[in-house]
Every structure is written in C-alpha cells, then in structure tokens.
Amino acid sequence: LFDGIYPFYPQQRKAAVFDISTIIVIVVFLTLACSFLLIIPGIRGRARLYWTLRVLLSLFVGVVIVVVQFTGDWETGWVQANTSYKSFSPVQVNADIGLHIGLAGVNITLRGNPVKQINETINYNEHFPWNFGADYDRSYSQGLQKGLPSPILYVAEKFSTQSPCAVHRQYRIAGHYASATLWVAFCTWIISNILFSMPVLIYGGYMLLVTGAFMIFSLLSFSTVRSSPMCLIQIGTSTLHVAYGGSFWLMVAVGLLCFVLGITVVAMHHLNLDLLKTFFDLREDNAEEYQEMPEVFINPHFVNKGL
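Residues numbered from 1 in each chain as written. Predicted model: local features only at pLDDT ≥ 70, side-chain atom pairs only at ≥ 80, totals over all residues. Heavy atoms only, no water.

The chain goes by DOXA2 factor in an unreviewed UniProt entry, where it is assigned to Hippolais icterina. Per its UniProt entry, the chain bears the Sequence similarities (unreviewed entry) comment "Belongs to the DUOXA family." Among the UniProt annotations of the chain, the heading Subcellular location (unreviewed entry) holds the following wording: "Membrane". (UniProt positions renumbered as here; feature names shortened; annotations may be inferred.)

Note: predicted coordinates in regions of low pLDDT should not be interpreted at a detailed level. Of all residues in the chain, 86% attain a pLDDT of 70 or more, and the chain-wide mean is 82. Confidence over residues 285–293 falls short of pLDDT 50; this stretch has three contacts with residues more than four positions distant or in other chains. (pLDDT = per-residue confidence, 0-100. Contact = heavy atoms within 4.5 Å.)

Attention now moves to the side chain of Ser238. Position of Ser238 relative to the elements: it lies in strand S6 (residues 238–240). Side-chain polar atoms of Ser238 contact the backbone oxygen of Gln80, separated by 3.2 Å. Not counting residues within four places of it along the chain, the set of residues in contact with Ser238 comprises Val79, Gln80, Ala81 and Ile233. (Helix = DSSP H or I, 4+ residues; strand = E, 2+ residues; numbered from the N terminus. Polar contact = N/O pair within 3.5 Å; in protein donor to acceptor, adjacent residues only side chain to side chain.)

With that settled, consider the packing of aromatic side chains. Taken as a whole and judged by the stated rule, the model has 19 aromatic pairs. Between the aromatic rings of Phe214 and Phe217, the centroid separation amounts to 5.9 Å while the plane-to-plane angle is 85 degrees, which identifies the pairing as edge-to-face. Of this pair, Phe214 and Phe217 both sit in helix H6 (residues 201–223), three residues apart, roughly one helical turn. The exposure class of Phe217 is partly exposed, given its relative accessible area of 45%. Through successive ring pairs, a cluster of aromatic residues spans Trp74, Phe222, Tyr244, Phe248 and Trp249. In this structure, Arg54 packs its charged tip against the face of Trp51, placed 4.4 Å from the ring centre. Here Arg54 stacks its cationic end above the ring of Phe279, 5.8 Å away from the centre of that ring. (Phe/Tyr/Trp six-rings, centres within 6.5 Å; stacked < 30°, edge-to-face > 60°. Buried < 20%, exposed > 50% of the residue type's maximum accessible area, 1.4 Å probe, protein only. Lys NZ or Arg CZ within 6 Å of the ring centre and 35° of its normal.)

The subject of this paragraph is a nonpolar patch on the surface. Taken together, Ile20, Ile23, Ile24, Val27, Val28 and Leu32 make up a surface patch of nonpolar side chains, about 540 Å² in accessible area. Secondary-structure assignment places Val27 in helix H1 (residues 20–39). (Patch = residues over 30% accessible without salt bridge, like charges linked within 9 Å, V, L, I, M, F, W, Y side chains within 5 Å. Areas by Shrake-Rupley, 256 points an atom, 1.4 Å probe, with all protein chains shown as cover. Salt bridge = Lys/Arg side-chain N within 4 Å of Asp/Glu carboxyl O.)

At a closest axis distance of 10 Å, the pairing of H1 and helix H2 (residues 47–67) adopts a crossing angle of 170 degrees. The pairing of H1 with H2 is recorded here as roughly antiparallel in orientation. Each of Thr22, Val25, Ile26, Phe29, Leu32, Ala33 and Phe36 in H1 lies in contact with H2, whose residues at this interface are Trp51, Thr52, Val55, Leu59, Gly62, Val63, Val66 and Val67. Here the contact of H1 with H2 is composed, by residue class, of twelve nonpolar, three polar and no charged. (Axes fitted to C-alpha atoms, helices over the stretch in contact; angles between N-to-C directions. Parallel < 35°, antiparallel > 145°, perpendicular 65-115°, else oblique. Nonpolar A, V, L, I, M, F, W, Y, C, P; charged D, E, K, R; others polar.)

The next point concerns the state of the cysteines. Under the counting rule described, the total for this entry stands at one disulfide. A sulfur-sulfur separation of 2.0 Å characterises the disulfide bridge that pairs Cys165 with Cys231. On the S-S bond that ties Cys165 to Cys231, the torsion sits near -125 degrees, and the link is left-handed. Residue Cys165 is found in the loop between helix H4 (150–157) and helix H5 (168–197), and its partner Cys231 is found in the loop between H6 and strand S5 (233–235); the two are separated by 66 residues along the sequence. Overall, the relative accessible area of 25% leaves Cys231 in the partly exposed class. (Disulfide = S-S within 2.5 Å.)

Here it is, written out as structure tokens:
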C-alpha cells in the first residue's frame, strides 16, 4: 500500500454528470426556439397559435433526431449486488451496477449503496467506445492500466472483441447503420421544413412520412442485435439484464408522430385544402383578394359638371 491506496490505483475517478455533445445540441435548438418566441408577438390573430404549434413541433422532432445520436440509453440495465471492489483484494461492497448501451459505445456505472464505503466514494461512470474510428480494446486496456473497479472491468470485458460473447461486432455495426439512418432522417426533416415554407404542403407531408420511415429503419437496425444471444452477466448472486431504454422508446414515439403528422397533411390536402392553408397561414383576406373598397368618396364638383 502507498498511503493506504493501492499503487496501481492512484486517484479517485468521478462520475460523468453531463454529456457535452448532448448539451450543445439542446442549447442550439433552445436558441432557435427562444428566437422564435421573440418574434411571435408580431404575428396577429389565430395564426400566432398555428405558428407556435408548427415551429415547436418541428424543433422537437429535430432535436430528438440529433440528441439520440449521443445518448447512451438505447438499452439499459441495473442490478444491485455484493461484489469485490478491487483486484487482489477480498473486500466486498454493496453497489448498483448499471449498463447503458448507445449507438457509439457503452457506459458502465458503479454506484455504492451507500456511496461512502471502505473510506472511499464509489461513484463511477466509464465510457468504452465502439464507433468506427475508435478502438474498444484499447479503451479496455487503458481501464486495466488505470485499475478501474472489478465490476466495471468485468462488464466491459463482455463487449470486447476477444470475448467469447462475440457481441462486439453486432453492436458496432448495428449502431453505425442506425446512426447513419438517423442522419438521413435529419436531412429529410430539413427538406420537409423547406417544402412547408415554399409552400408546397403536400410534398412537405410526403417528406414527413419519409422522415418517420427512416427513424423506424434506425430502430430496426439497432434491434438486429437481439438476434445474437447476450452473454450472462453474473455479478455476485445477481444477474444483470438489459432492456430497451428511454432513447429507443422516444424514437418510437417521434417516428409515429411524424407518420401521424405526414398522413394528416396529405389527407387534409385532398379533403379540406382551405383548412390546411388556414393552419399554414396561407389564406388571404377577402378584401385583399378581391381588392374591395368599403367606402367610395365622390367629389361633387365633378358631378355637377357632368364629368
């Protein structure tokens, strides 16, 4: 021991609280929403409500498509167990072990129950990337060199390329194609907004349907990992099981929302075009359309002269 600490474990690691990429995306879309709220008082009448509903719905769909690229809860799992804390040490701790799988990698969480145990703060969140351009095995080796707690290394080893579980390739390819499909959905979302502003309403509705379709395709791509049986993750006497997380179900909801909105726009175009134009603030006032003059003033001087 070196001052009561194992020499291969030099300092305490702190859990990550926020993901920087997610914060940047949310701030950008919040800035757009706040900018729109500043100009919304200049829109008169019922059109103000229609504009607010359209813009906020569109921004919500866009921010979800981008944010889920960086979230780590497409699949999640938690288990509470008594487990060894460090290698070469018989000391056991009671902790919650969490597994959070995203498109670009896996986050493994270790939180003591209570957090203060054996004179240490047990609260970790380690990320191991597997996206293209990243080396998962190298990140795992660095974790070994840093002396990460045993439960984290045990779970991380299940997803390495050398593991008998053989799930690394499936998760990596599924995450890559799901991410690529979502970026296509983001592009079609931009095109749909352009078409609605031109305005070409029916084609904007078609692009909303395409956006929803690509979002569903991304879900199907990620779901292919379930075709490979997951290794048993046994921690102490407990087993860690994973299930679809918040990002997955959020994508399901937003994809269905795009389908509903697209079908509504297309149906209204064929059934009640005037109502659709009213919602998109495209109808002109009758007085302006027919250029009517409510009052006419005649000069009596010209009337008397018979002009």
